[in-house]
Amino acid sequence: MKRQNVRRTVSLVLACLIVLAFSGCGGKETTEAVDLRTLTLDEIIEKAKEEGRVDSVAMPDNWTHWDYSWAQILEDYGIEHSDVDMSSGEEIALFAAEKDDPTKDIGDVGYGFTSTAMEEGVLQPYKVSCWDELPDWAKDPDGYWTVSYTGNTCFIINDALTGGVVPTSWQELKDSDIVVNMGNVVAGASSQVNVIACAIAMGGGIDNVQPGIDFFKELAEEGRIDPGDGNRTRLMAGEVECLAGRFDFDGAAWAPEINGQEIEGVHITASIPQDGAIMTGYAQIINKWAPHPHAAALTLEYLLSDQGQIDRAYGGARPIRSDVELPDDVPLLPDEQYTNVVTVGSADELQAACDEVSRLWQEEVIPLLG
């Protein structure tokens with residue numbers, strides 16, 4: 001009951017905020033329901049070209065190189081694109097809030113948030129043509145969500161600010177004097193999962209996140225939590241010593257891109273903590289009321305295609321399909337860093353832990369940030 005109440009409260013608050021933010025937008029009629037699973041791929045392509053655009057949430061150009069995919073979809077099918085970036089929780093709330101006047105077609109949410117999206121009833125199912133090649137854990141049996149790439153716990157360190165110190169474990173991070181940024185722990189999937197990973201390192205687990213919360217309470221009391229945005233811009237500006245609320249694909253892609261610019265006071269190293277790291281995934285979801293449902297389905301087809309999977313690898317992410325041969329120059333972290341990475345259970349189990357992290361962070365960590 002507690003988990004449901006927390007989720008319902010967060011969703012309601014976010015929905016209200018989003019309704020206010022988007023109240024000046026709209027003018028579109030709700031799309032008549034269509035079961036995309038009954039259409040052939042040729043029919044999907046034809047109707048998607050007629051729609052001519054796809055509008056996404058949380059799929060910005062600089063996240064796992066979505067820009068590569070949007071450019072190719074435009075070139076191949078003439079489908080225009082726009083995106084509004086937001087957290088996984090906010091995406092789901094937006095779909096629900098806009099159901100009578102929808103503006104968005106497709107989103108990208110943390111694996112655990114698929115459980116929330118299913119409970120909220122905001123998804124439209126579709127099974128890509130390579131469905132049988134996807135791991136069972138990475139897809140809803142009825143096609144309501146599909147994971148296309150994984151995310152792993154990672155430290156992204158500006159070692160120019162840490163005196164060359166690059167922690168390889170949560171314990172080393174704790175024993176240092178490095179200031180840590182965890183991003184949006186209240187509503188962000190990667191931030192919440194990484195707190196759970198920290199809990200594992202501190203003797204807890206997915207069913208006991210308190211040791212992770214206690215870790216950050218101690219850092220907060222020492223003044224070692226940066227509560228600002230945990231993004232690439234601040235990293236490049238030399239404002240952040242350690243981003244620990246991000247996944248490996250950000251570290252893998254950002255390090256060579258930023259270091260290549262030779263910015264004074266900035267040098268980035270990505271490191272997967274060896275005492276607590278979780279592998280999870282990001283799932284693409286189609287809005288139940290999508291204004292351009294066929295374009296959304298075609299987008300999903302592309303993202304799970306060989307080239308779409310290679311696009312994600314160029315964005316530093318490990319594709320969900322193991323049968324795709326990747327080019328030698330994709331910027332993935334070395335395999336040996338993943339030796340101690342663990343997988344999570346079901347989406348429900350992960351979301352329960354994430355809900356608890358969100359609640360405890362608000363109750364026990366935020367008050368210490370001053």
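About the cut-offs
- Residues numbered from 1 in each chain as written.
- Predicted model: local features only at pLDDT ≥ 70, side-chain atom pairs only at ≥ 80, totals over all residues.
- Heavy atoms only, no water.
- Helix = DSSP H or I, 4+ residues; strand = E, 2+ residues; numbered from the N terminus.
- Rg over C-alpha atoms; globule rule 2.2 N^0.38 Å.
- Buried < 20%, exposed > 50% of the residue type's maximum accessible area, 1.4 Å probe, protein only.
- Areas by Shrake-Rupley, 256 points an atom, 1.4 Å probe, with all protein chains shown as cover.
- Lys, Arg positive; Asp, Glu negative; His and termini not counted.
- Charge placed at Lys NZ, Arg CZ, Asp CG, Glu CD.
- Polar contact = N/O pair within 3.5 Å; in protein donor to acceptor, adjacent residues only side chain to side chain.
- Pairing = 2+ DSSP bridges.
- Right-handed = clockwise from strand over helix to strand, strands pointing away.
- Core = buried A, V, L, I, M, F, W, Y, C linked by side-chain atoms within 4.5 Å.
- Contact = heavy atoms within 4.5 Å.
- Phe/Tyr/Trp six-rings, centres within 6.5 Å; stacked < 30°, edge-to-face > 60°.
- Lys NZ or Arg CZ within 6 Å of the ring centre and 35° of its normal.

For the rest of this paragraph, the subject is the overall build of the protein chain. In terms of regular secondary structure, the protein chain is built from 13 helices and 11 strands. Taking 21 Å as the expected radius of gyration for a compact globule of 370 residues, we find that the protein chain reaches 20 Å, a close match to that expectation. In terms of overall dimensions, the protein chain has a C-alpha envelope of 60 × 50 × 40 Å along the principal axes. Per-residue burial over the protein chain gives 55% buried out of 370 residues. Accessible surface, the protein chain: about 15000 Å² in total, of which carbon and sulfur atoms supply 48%. Charged side chains in the protein chain number 24 positive and 64 negative. The centres of these two groups are separated by 6 Å.

Structurally, Ser176 is set in the loop between α6 (170-175) and β6 (180-181). From its side chain, Ser176 meets the backbone oxygen of Leu173 in a polar contact 2.7 Å long.

The two faces of a sheet get side chains in turn, since along a regular strand they alternate between them. Of all 5 residues making up strand β1 (residues 53-57), 4 are buried, and the element is well covered by its neighbours. In this sheet, strand β2 (residues 80-84) lies alongside β1 in parallel orientation, the contact comprising 5 bridges. Residue pairing across strands places Arg53 opposite Glu80, the latter belonging to β2. The parallel pair β1 and β2, bridged by helix α3 (residues 66-77), forms a crossover whose chirality is right-handed. Inspection of the sheet shows β1 paired to strand β3 (residues 106-110) by 2 bridges, in the parallel sense. Residue pairing for β3: Val57 is matched across the bridge by Gly107.

Formed by 84 residues in total, the largest nonpolar core has its most connected members in Trp170, Phe216 and Trp361. Apart from residues no more than four positions distant in its own chain, Phe216 is found in contact with Trp170, Val180, Met182, Val195, Cys198, Ile225, Trp361 and Val365. Among the nonpolar cores identified, the runner-up in size contains 18 residues, and Ile156, Ala253, Ile268 and Tyr338 belong to it.

The subject of this paragraph is the environment of Tyr338. Assignment of secondary structure puts Tyr338 in the loop between β10 (318-319) and β11 (342-343). Looking at Tyr338, the relative accessible area reads 14%, which means it is buried. Along the primary structure Tyr338 and Met279 are separated by 59 residues, whereas in three dimensions their C-alpha atoms are 9.1 Å apart. Discounting residues that sit within four places of it in the chain, Tyr338 has contacts with Asn152, Asp248, Ile272, Arg318 and Leu333. Separated by 2.6 Å, the side chains of Tyr338 and Asp248 make a polar contact.

Following the criterion strictly, the structure yields 17 aromatic pairs and no others. Relative to Tyr282, the ring of Phe249 lies with its centre 5.9 Å away and its plane at 75°, an arrangement referred to as edge-to-face. Of this pair, Phe249 sits in helix α10 (residues 248-259) while Tyr282 is found in strand β9 (residues 278-287), placing the two residues 33 residues apart along the sequence. Judged by relative accessible area, Phe249 falls into the buried class, the value being 0%. When its relative accessible area of 4% is taken as the criterion, Tyr282 is described as buried. Put simply, the rings of Trp63, Trp66, Trp70, Tyr149, Phe247, Phe249 and Tyr282 pair up and form one aromatic cluster. Positioned above the aromatic ring of Tyr338 is the side chain of Arg318, whose terminal nitrogen or guanidinium carbon lies 4.0 Å from the ring centre.

Next up on the list: unusual backbone geometry. The phi angle of most residues is negative, glycine excepted, and most peptide bonds adopt the trans form. Phi at Ala58 takes a positive value of approximately 60°, unusual for a residue other than glycine. Relative to the helices and strands, Ala58 resides in the loop between β1 and α3. The phi dihedral of Thr64 is positive, around 50°, even though this residue is not glycine. In this fold, Thr64 is placed in the loop between β1 and α3. We classify Thr64 as buried; its relative accessible area is 2%.

This next bit is on the environment of Phe249. In this structure the C-alpha to C-alpha distance between Phe249 and Glu301, which are 52 residues apart in sequence, comes to 22 Å. Once you skip the residues sitting within four places of it in the chain, Phe249 turns out to touch Trp63, Thr64, Tyr149, Thr150, Gly151, Tyr282, Gly315, Gly316 and Ala317.

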